[in-house]
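The chain contents come next:
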Amino acid sequence: MDGGSRLGAGLARRPAALAFPHTRRAPATLRGRRARVGYAFLAPAAAVVASVTLGPILYAVFLSLSQVRLTGEGFATTWAGLANYAILYRAPEFWQALAFTAGYTGATVLVEVALGLVVALVLNGLVRGRGLAMAVLLLPWSLITVVSAEVWSYLDNGAYGLIDYVLVVLHVTSQPVNWLGEPTLALVAVGLADVWKTTPFVALILLAGLQMIRRDLYEAATLDGAGPWKSFWRVTFPLLRPSLLVAVLFRVLQSFGLFDLPFVLTSGGPGTTTQSLALLAYRAMFNDLEFGPGTAVSVVTVAAVVLVAVLFIRGLGVRLGEAGDGAA
Amino acid sequence: MQTTVRGTILGLAAATMVAIWSIGAAAGPAQHRAASVTIVWAASPISNNGLRQHLITAFERAHPGIRVRLQSQPTNTDTNRQELITEINSGSATPDVYMGDVIWPAQFAQAGLAMDLSKVFPSTFWRRFAPGLVAGATYQGQVYGAPFFMDAGFLYYRKDLLARYHLPVPRTWTQLAVDAKTLLAHHAVRYGFVWEGAAYEGLTCNLMEYLTDAGGKVLSGTKSLFDSPASVRAVSFMRSLIVSGVSPAAVTTFQEPQAMNAFAQGQAAFLRNWDYAWSNSQSSPAVKGKVGVAPLPAFSASGYPGYSNIGGWNLYINPHTEHLAAVRTFIEWMTGVAGQTQLATYASEIPTNAQVQRLPEVRKLNPVLGVVSRVRLVARPAYTPAYAKVSSALYTNVNLALTGQLSPRAAVAKAAQAIAQAISGQGL
């Protein structure tokens with residue numbers, strides 16, 4: 001699983017790195033020369049990083065265009081063109097996994113950003129105890145996902161789980177609820193575990209963004225007669241946009257690589273309702289030894305993530321690195 | 001200035017390249033001592049009392065020239081398999097020998113991940129094993145795994161509760177349902193019968209037991225036989241256990257630990273589980289001394305005992321091993337009388353060695369062993385390299401039928417279609 005999650009998250013995270021470097025055109029030749037020297041210094045490190053990031057991606061693309069057979073001493077490949085992608089196109093499991101991953105990402109990121117914003121605003125307003133509150137909030141984020149997923153699977157258990165116990169004792173339900181056994185409830189259960197874990201992360205990024213907004217802007221807004229509501233929408237929100245973008249991007253990229261939560265909580269069930277793209281790729285590759293179609297799933301995931309990232313950056317119309325530097 | 005900078009950069013780059021190269025060189029094969037051979041054995045944890053190390057110590061005492069290093073693998077069987085595939089397919093010479101699931105031979109043989117043991121051992125070697133086990137490790141006429149310990153599905157029951165309400169140990173599924181409903185009506189337990197119904201390999205094992213008893217089959221050769229009235233009967237019955245309240249709805253999310261947990265906490269009257277559930281229930285205060293074990297029931301009284309799905313683990317050899325002779329000695333010992341007796345007495349695993357299975361001192365320790373000679377065994381159709389896909393076609397669709405998302409008939413039809421696709425090498 002470890003390798004699997006690394007695979008999923010790793011493939012998904014990469015485009016973030018690609019999206020960040022923004023360079024401004026240097027007007028002076030001296031600046032240009034300095035930049036060149038800087039790049040030269042960067043080159044060895046960049047080469048090493050590329051060999052462990054770009055290399056595997058390109059290899060995955062190559063495998064996805066091949067018919068792959070395991071020989072016990074590596075892969076035997078023959079050129080297959082788009083045959084693996086044709087398999088995906090015809091496989092209902094693929095479309096289901098894509099729909100689940102996209103829908104899940106949309107829903108959880110929306111909730112996490114909304115909740116995270118509220119938490120960040122509250123924390124920003126705190127005069128004392130901010131450090132302690134943040135430490136407590138960050139606990140879920142710092143727990144390893146597999147560990148927290150195991151805890152959630154115990155809480156969610158439909159026979160002896162704590163959540164059902166509380167619901168029955170409080171007479172909310174008469175019968176235990178089979179949280180992980182009903183398609184809709186299983187989606188909610190997995191989503192809930194995600195929101196619990198990553199809302200603090202979003203809050204942290206947004207809090208950093210809030211603290212970079214200059215106090216005097218609010219004073220000016222108050223002098224101009226703006227109430228709290230108006231000053232939020234006119235001052236806070238526009239200036240927070242770069243941080244929001246960073247938070248949303250990070251979450252979308254991570255969420256598209258979703259693997260460990262459903263792997264532990266539902267193993268993709270009931271049926272295949274909570275099977276994410278990463279889980280599908282993992283199963284194709286390591287259960288069925290279908291490395292061609294499996295890598296095709298990974299490549300499609302990366303392509304989808306890159307597309308979403310580009311759309312977001314364009315749509316929100318912010319350039320990363322303007323005010324979001326501190327948060328990133 | 002310019003040249004100095006360039007020189008520095010070139011120097012740095014060169015230094016980096018040298019550093020990378022030397023790291024790569026240092027990671028090459030380790031040196032072996034001339035006096036003794038060290039082999040690496042990859043195995044996931046077997047019991048919770050250190051059986052693997054115990055076996056290694058006993059083996060090293062018997063064969064002082066061979067040292068064994070344990071490479072502990074993940075408990076999760078999928079993760080375990082993934083690591084072995086990655087390691088061996090990359091050409092690594094270690095692990096020299098590894099413990100792998102009984103459903104792996106065809107897949108691993110086809111992918112070149114396991115050595116053909118027919119060429120390593122003489123044909124007389126295979127006579128030591130209990131009947132049926134070697135056939136299960138055979139792919140296209142060659143044996144790829146040496147049976148190490150076996151497992152099967154058993155019915156565990158609360159003998160104290162059955163005695164108190166004068167109920168018989170069930171021999172039919174109908175009787176089990178009656179027993180469970182009586183105990184539930186008296187509030188003697190919260191749940192009647194718990195088993196493994198989550199969408200994973202364990203559900204395929206459970207299904208095989210009902211299916212075979214109902215007269216059904218998944219495959220014959222490369223032909224899917226799953227779309228049959230017997231399959232519908234098996235799946236309908238499993239679903240009816242939930243609908244009638246005999247089993248909690250949560251069994252559709254249960255793997256072995258959850259089912260074991262519910263039973264060990266004293267919440268369930270009946271449990272379908274593997275051999276380990278015996279020793280596990282002996283260490284649970286809530287049910288210690290109150291548990292009995294029997295073969296699984298059948299649909300009709302004349303069909304008793306019902307079918308038990310074969311589980312368990314084989315020893316496989318890495319095709320790239322550089323210590324074949326030592327590995328051969330290791331497997332000889334592990335599957336021989338000495339190793340198998342340790343296995344059965346130290347951790348009460350079910351030995352694969354027929355002679356050890358019959359030893360009175362072994363039988364006395366583990367009542368499951370007395371039962372195993374009475375059950376009828378059925379193997380999953382793992383003789384096809386596409387078995388992993390076949391199984392996931394079964395468990396994903398049957399799981400949906402158990403939760404009521406699909407009718408048993410529709411689930412069987414969908415599974416059969418996916419199986420046919422998997423066998424013909426199409427689909428994802």
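On a predicted model such as this, the values are computed, not experimentally measured, just so you know.

### Side note on helix α2 (residues 51–62) of chain B
Inference 1: Across its 12 residues, α2(B) extends 17 Å between first and last C-alpha, which sits within 8% of the 16 Å expected from 1.5 Å per residue.
Inference 2: Contacts made by the buried residues of α2(B) are with β1 (37–43), β2 (66–72), β6 (146–152), α12 (324–335) and α13 (337–346) of chain B.

### What to know about unusual backbone geometry
Inference 1: Residue Gly269(A) is joined to Pro270(A) through a cis peptide bond whose omega torsion reads -5°.
Inference 2: Topologically, Pro270(A) is positioned in the loop between α11 (260–265) and α12 (277–287).
Inference 3: The omega angle of the peptide bond from Thr94(B) to Pro95(B) is -5°, so this bond is cis rather than trans.
Inference 4: Positionally, Pro95(B) belongs in the loop between α3 (77–89) and β3 (97–101).
Inference 5: In this model, Ser267(A) sits at a positive phi of 40°, which is unusual for a non-glycine residue.
Inference 6: Take Ser267(A): it is sitting in the loop between α11 and α12.
Inference 7: The buried category is assigned to Ser267(A), whose relative accessible area is 10%.
Inference 8: Backbone geometry at Gln140(B) places phi at a positive 50°, although glycine is not the residue there.
Inference 9: Following the sequence through the fold, Gln140(B) ends up in the loop between β4 (138–139) and β5 (142–143).

### Comments concerning the sheet that holds strand β8 (residues 191–194) of chain B
All names here are of chain B.
Inference 1: Across the sheet, which stays open at both edges, the 4 strands sit in the order β8-β11-β7-β12 with mixed pairing between neighbours. Of all the strands in the sheet, the pair left with one neighbour each is β8 and β12 (291–294). Sheet twist, expressed as the average angle between the axes of neighbouring strands with direction ignored, equals 15°.
Inference 2: Judged from the 4 bridges that link them, strand β7 (residues 154–158) and strand β11 (residues 268–273) form a sheet pairing that is antiparallel. Bridge pairing in β11 places tyrosine 157 opposite phenylalanine 270.
Inference 3: Along the sheet, helix α7 (residues 173–185) contacts β7, β8 and β11; its crossing angle with β8, the most-contacted strand, is approximately 145°.

### Here's the deal with the interface of chain B and chain A
Inference 1: Listed by partner, the interface residues are 49 residues for chain B and 47 residues for chain A.
Inference 2: The junction of chain B with chain A conceals about 3600 Å² of combined surface from both sides, 58% of it contributed by carbon and sulfur atoms.
Inference 3: Our count for the contact surface shared by chain B and chain A stands at 1 salt bridge.
Inference 4: The closest approach of N and O atoms between Lys389(B) and Glu290(A), which form a salt bridge, is 2.9 Å.
Inference 5: Counting across the interface, chain B meets chain A through 15 residue pairs in polar contact (both at pLDDT 80 or more).

### Overview of the side chain of Gln71(B)
Residue and element names in this part refer to chain B.
Inference 1: Its location among the elements puts glutamine 71 in strand β2.
Inference 2: For glutamine 71, a relative accessible area of 17% translates into the label buried.
Inference 3: Side-chain polar atoms of glutamine 71 contact the side chain of glutamine 73, separated by 2.9 Å.
Inference 4: Among the polar contacts listed, one links the side chain of glutamine 71 to the side chain of glutamate 87, at a separation of 3.1 Å.
Inference 5: Glutamine 71 has contacts with Val40, Trp41, Ala42, Ala43, Glu87 and Pro95, leaving out every residue within four places of it along the chain.

### As for the pattern of salt bridges
Inference 1: Tallying each qualifying case throughout the model produces 12 salt bridges over all chains.
Inference 2: Where Asp194(A) meets Arg251(A), a salt bridge forms, and the shortest distance between an N and an O atom there is 3.0 Å. In this pair, Asp194(A) sits in helix α8 (residues 183–211) while Arg251(A) sits in helix α10 (residues 228–256), placing the two residues 57 residues apart along the sequence.
Inference 3: Linking Glu196(B) and Arg272(B) is a salt bridge whose minimum nitrogen-to-oxygen distance equals 3.2 Å. With Glu196(B) in the loop between β8 and α8 (201–213) and Arg272(B) in strand β11, the pair connects residues that are 76 residues apart, well separated along the chain.
Inference 4: Looking at Arg272(B), the relative accessible area reads 1%, which means it is buried.

Calculation criteria
Residues numbered from 1 in each chain as written. Chains lettered and ligands numbered in written order. Predicted model: local features only at pLDDT ≥ 70, side-chain atom pairs only at ≥ 80, totals over all residues. Heavy atoms only, no water. Helix = DSSP H or I, 4+ residues; strand = E, 2+ residues; numbered from the N terminus. Expected span 1.5 Å × (residues − 1). Contact = heavy atoms within 4.5 Å. Buried < 20%, exposed > 50% of the residue type's maximum accessible area, 1.4 Å probe, protein only. Pairing = 2+ DSSP bridges. Axes fitted to C-alpha atoms, helices over the stretch in contact; angles between N-to-C directions. Buried area = accessible area lost by both parts, 1.4 Å probe. Salt bridge = Lys/Arg side-chain N within 4 Å of Asp/Glu carboxyl O. Polar contact = N/O pair within 3.5 Å; in protein donor to acceptor, adjacent residues only side chain to side chain.

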